[in-house]
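Chain by chain, the residues run as shown.
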Amino acid sequence: MVAEKTGYPSEMLNLDMGLESDLGIDSIKRVEILSAMRTKAPSLPEVDAGAMANLRTLGQIVGYLREQLGGAAPVARLLRSRLLRPRRPLHRWTWSPC
């Protein structure tokens, strides 16, 4: 989902990347990504705006959602795969370095 919404190749993304510092994801883009995640996986919990503001990395988002879902390992794998992998292949010309 992050790859799809930002244009970064999924191979380049990892859970330690900073949303703003590494990926340039602002609060509006965060909402877009989480909204798209909820569309794909409606069972995901609503994310508290205050909590979201404190999440700085992709891994922290996965951890927060895992916590909200009771720590289910299969759900965490689903979240990681949906967050980091695009639904369709990205073309070379859709990515531009910062």
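Residues numbered from 1 in each chain as written. Predicted model: local features only at pLDDT ≥ 70, side-chain atom pairs only at ≥ 80, totals over all residues. Heavy atoms only, no water.

S.K.: Which residues make up the overall build of the protein, and what values go with them?
M.R.: Within the protein, the secondary structure is distributed over 5 helices and 0 strands. Per-residue burial over the protein gives 34% buried out of 98 residues. Intrachain contacts of the protein at a sequence separation of at least 6 include 61% that bridge at least 24 residues. Carbon and sulfur atoms make up 52% of the accessible area of the protein, which totals about 6,000 Å². (Helix = DSSP H or I, 4+ residues; strand = E, 2+ residues; numbered from the N terminus. Buried < 20%, exposed > 50% of the residue type's maximum accessible area, 1.4 Å probe, protein only. Contact = heavy atoms within 4.5 Å. Areas by Shrake-Rupley, 256 points an atom, 1.4 Å probe, with all protein chains shown as cover.)

S.K.: So what's going on with the confidence of the model for the protein? Which residues, and what values?
M.R.: Residue-level pLDDT values for the protein average 75, and 71% of them are 70 or greater. Here helix H5 (residues 73-84) stands out as the element of the protein with the lowest mean pLDDT, 57, in contrast to helix H1 (residues 2-6), whose mean of 85 is the highest. (pLDDT = per-residue confidence, 0-100.)

S.K.: A description of the nonpolar core should follow, citing residues and the corresponding values.
M.R.: Note on soluble globular proteins: their nonpolar side chains tend to be buried together. Membership of the largest hydrophobic core comes to 22 residues, with the highest contact counts inside it found for Val-2, Leu-13, Leu-23, Ile-25, Ile-33 and Ile-61. Of all the secondary structure elements, the ones that give two or more residues to this core are H1, helix H2 (27-40), helix H3 (49-54) and helix H4 (58-68). Contacts of Leu-23, omitting those with residues within four sequence positions, involve Val-2, Tyr-8, Leu-13, Met-17, Gly-18 and Leu-58. (Core = buried A, V, L, I, M, F, W, Y, C linked by side-chain atoms within 4.5 Å.)

S.K.: Give a detailed account of the layout of surface pockets, specifying residues and quantitative values.
M.R.: Here the largest pocket defines a volume of roughly 220 Å³. Taken together, the elements giving at least two residues each to the lining of the largest pocket come down to H2 and H3. Ranked by residue count, the leading element in the lining of the largest pocket is H2, at 6 residues. By residue class, the composition of the lining of the largest pocket is 6 nonpolar, 2 polar and 3 charged. (1 Å grid on protein atoms, 1.4 Å probe; cavity = no way out; pocket = protein on both sides within 12 Å on 5 of 7 lines; lining within 4 Å. Points joined across faces, edges and corners; volume = space filled by probe spheres on them. Nonpolar A, V, L, I, M, F, W, Y, C, P; charged D, E, K, R; others polar.)

S.K.: Go over H2 with me, naming the residues and quoting the values.
M.R.: Along its 14 residues, H2 runs 20 Å from first to last C-alpha, staying within 8% of the 20 Å computed at 1.5 Å per residue. Buried within H2 we find Arg-30, Ile-33, Leu-34, Ala-36 and Met-37. Down the axis of H2, the buried side of the element spans an arc of 160 degrees, and every buried residue falls inside it. Turned more than 90 degrees from where H2 packs its buried face, Ile-28, Val-31 and Thr-39 sit exposed. (Expected span 1.5 Å × (residues − 1). Arc of directions from axis to C-beta.)

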